[in-house]
Amino acid sequence: MIPVNEPLLNGNEKKYLNECIDTGWISSEGPFIKQFEERFAARVGRKYGIAVCNGSVAIDASIVALGIGKGDEVIMPTFTIISCAAAIVRAGAVPVVVDADPQTWNMDVSQIEAKITPRTKAIMVVHIYGLPVDMDPVLAIAQKHGLKVIEDAAEMHGQNYKGKPCGSFGTISTFSFYPNKHITTGEGGMIVTDDEQLAERCRSLRNLCFLPYKRFVHEEIGWNFRMTNIQAALGLAQLERLDEFVGRKRAMGALYTELFSGMTSIELQQTRTSYAENIYWVFGLVLKESVGFDAEEAMKRLAAKKIGSRPFFFPMHEQPVFHKMGLFSGERYPVAERIARRGFYVPSGMALTQEQIRTVASTVHELLS
Ligand SMILES: *Cc1c(COP(=O)(O)O)cnc(C)c1O
């Protein structure tokens, strides 16, 4: 079986993990946390990094830290993971969605302004699958209307938009270190910002909102979102290799693109746009109309040939859980609906070999010819 994802853990991971065990520092009090936070924040050009236990809760804490709550609206893409909309809903606010762009699969930024109302507080951008959102128009709209920007950069470690790191654009920005991301801590996440007060609020929310001068007394409800020293040890070792990892992913993307070139039955995400070069978080394919079956069937057939794959995100406006809450009733976003049903991704983890890529590509060719 060629797995859809396998991480590479053959740098300093073992050495740093042994240090955790040898010193006994295994909780969130250990020294690797601060080092990881500082180095990661510096890498994306931000002043503050707040490590948390995963990328989903990084969004929860960010929304609450920004003071977004009851009655507020946040504009976001419909084509993304549930974590984005769930954080907004959990805070008592309302997610308002826009469709995806058919070329980049990112949010169609030309649809944002029409969705702004007096209740709009923020725009949440989510960089999808390897290409950043076109940030300049988003930042201009945010400035014009006095909106905050939440940047979910979970899939964008090492990516730049017009030469500036992804994760440096939001009022607050978030990352995930799940094993299929460019760098991993097993489970883990990071919030980055330049705003000292926001950083302090996130630190407090991460740690149950203990009062600094009177522990076990609370003026607010927080969470235990802490990252452990063991996770941070992995993160530090992975961060040392980020450039190499981005290079590997780009080479994988280039090889897949070459092997799929000339196939008229599929659409691929662009290799580059005017503002960025794809870093291929995953390598996605969208089946064109001419193919007589959908992504689900394609994935079944690939599995029968021992090739792992995963479906694309399923749009937020089609989620049963949100319909039950009365959200998105009657709304349609045709691009997201199409790519969700026709799209899937093939093995693209860090440990994937060229030989495996060739096997995957020839199997896809067979399947679609
Ligand atoms: C992976 C991912 C997340 C969630 O991260 P977890 O660490 O798995 O909770 C959030 N947003 C996007 C866009 C992601 O790809």
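Residues numbered from 1 in each chain as written. Predicted model: local features only at pLDDT ≥ 70, side-chain atom pairs only at ≥ 80, totals over all residues. Heavy atoms only, no water.

**Structural notes on the overall build of the protein chain**
A count of helical and extended segments in the protein chain gives 12 helices and 13 strands. If you line up the protein chain on its principal axes, its C-alpha atoms span 70 × 55 × 40 Å. Looking at the protein chain as a whole, 56% of its 369 residues qualify as buried. Carbon and sulfur atoms make up 52% of the accessible area of the protein chain, which totals about 15,900 Å². (Helix = DSSP H or I, 4+ residues; strand = E, 2+ residues; numbered from the N terminus. Buried < 20%, exposed > 50% of the residue type's maximum accessible area, 1.4 Å probe, protein only. Areas by Shrake-Rupley, 256 points an atom, 1.4 Å probe, with all protein chains shown as cover.)

**A word on the sheet that holds strand 11 (residues 283-287)**
Spatially, 10-11-13-12 is the arrangement adopted by the 4 strands of the open sheet, whose pairing is antiparallel. The sheet is open, and its two edges are formed by strand 10 (266-268) and strand 12 (310-311), each paired on a single side. (Pairing = 2+ DSSP bridges.)

**Focus: the site of the ligand**
Taken together, N54, G55, S56, I81, V126, D152, A154, E155, S176, Y178, K181 and G188 are the residues near the ligand. Here an oxygen atom of the ligand and a side-chain polar atom of S176 are 2.7 Å apart. Within the side chain of K181, an N or O atom sits 2.6 Å from an oxygen atom of the ligand. Split into classes, the residues belonging to the shell around the ligand amount to 4 nonpolar, 5 polar and 3 charged. (Near = heavy atom within 4 Å. Polar contact = N/O pair within 3.5 Å; in protein donor to acceptor, adjacent residues only side chain to side chain. Nonpolar A, V, L, I, M, F, W, Y, C, P; charged D, E, K, R; others polar.)

**As for the environment of D195**
Tracing the backbone shows D195 in the loop between strand 9 (189-193) and helix 6 (196-206). Judged by relative accessible area, which is 33%, D195 ranks as partly exposed. Once the C-alpha coordinates of D195 and A303 are considered, the two residues, 108 residues apart in sequence, prove to be 47 Å apart. At 2.9 Å, the side chain of D195 and the backbone nitrogen of Q197 are in polar contact.

**Quick word on the nonpolar core**
Counting 52 residues, the largest nonpolar core has I63, F79, M124, Y129 and I150 as the members making the most contacts within it. At the level of secondary structure, the elements contributing two or more residues to this core comprise strand 1 (48-52), helix 3 (55-65), strand 2 (73-77), helix 4 (82-90), strand 4 (120-126), helix 6 and helix 11 (334-342). For this core, the element with the most residues is helix 3, which contributes 6 residues. Counting contributing residues per domain, this core is built from domain 1 (13-239) and domain 2 (242-368), each supplying no fewer than three. (Core = buried A, V, L, I, M, F, W, Y, C linked by side-chain atoms within 4.5 Å. Domains from an automatic or database assignment.)

**Digging into the environment of F210**
Of note, F210 is situated in the loop between helix 6 and helix 7 (229-239). A sequence separation of 32 residues divides F210 from Y178, and the C-alpha atoms of the two residues are 28 Å apart.

**Let's talk about the pattern of salt bridges**
Under the criterion given, the structure shown has 18 salt bridges. For E244, the salt bridge is made with R241, and the minimal N-O distance between the two is 3.0 Å. By relative accessible area, which is 38% here, E244 ends up partly exposed. For R241, a relative accessible area of 14% translates into the label buried. Where E267 meets R338, a salt bridge forms, and the shortest distance between an N and an O atom there is 3.3 Å. Highlighted residues: E267 in strand 10 and R338 in helix 11, separated in sequence by 71 residues. Given a relative accessible area of 26%, R338 falls into the partly exposed group. Linked by salt bridges that have partners in common, R250, R272 and E277 make up one network. (Salt bridge = Lys/Arg side-chain N within 4 Å of Asp/Glu carboxyl O.)

**Focus on the sheet that holds strand 1**
Spatially, 7 strands are ordered 1-9-8-5-4-2-3 in an open sheet, and the strand pairing comes out mixed. Either end of the sheet is taken by a strand with one partner, and the two such strands are strand 1 and strand 3 (94-98). In this sheet, adjacent strand axes meet at a mean angle of 20 degrees when their direction is disregarded. Across 4 bridges, the pairing between strand 8 (residues 172-176) and strand 9 is antiparallel. Residue pairing across strands places F175 opposite M190, the latter belonging to strand 9. Where helix 5 (residues 135-145) meets the sheet, it contacts strand 4 and strand 5 (148-152), and its direction lies at approximately 170 degrees from that of strand 4. (Axes fitted to C-alpha atoms, helices over the stretch in contact; angles between N-to-C directions. Contact = heavy atoms within 4.5 Å.)

**Regarding the pairing of strand 8**
Counted residue by residue, strand 8 has 5 buried out of 5 residues, so it is predominantly covered. The two faces of strand 8 match: I172, T174 and S176 on one face and S173 and F175 on the other face are all buried. Looking at chain direction, strand 5 and strand 8 are connected through 3 bridges and run parallel. Across the sheet, I150 pairs through a bridge with I172, a residue of strand 8.

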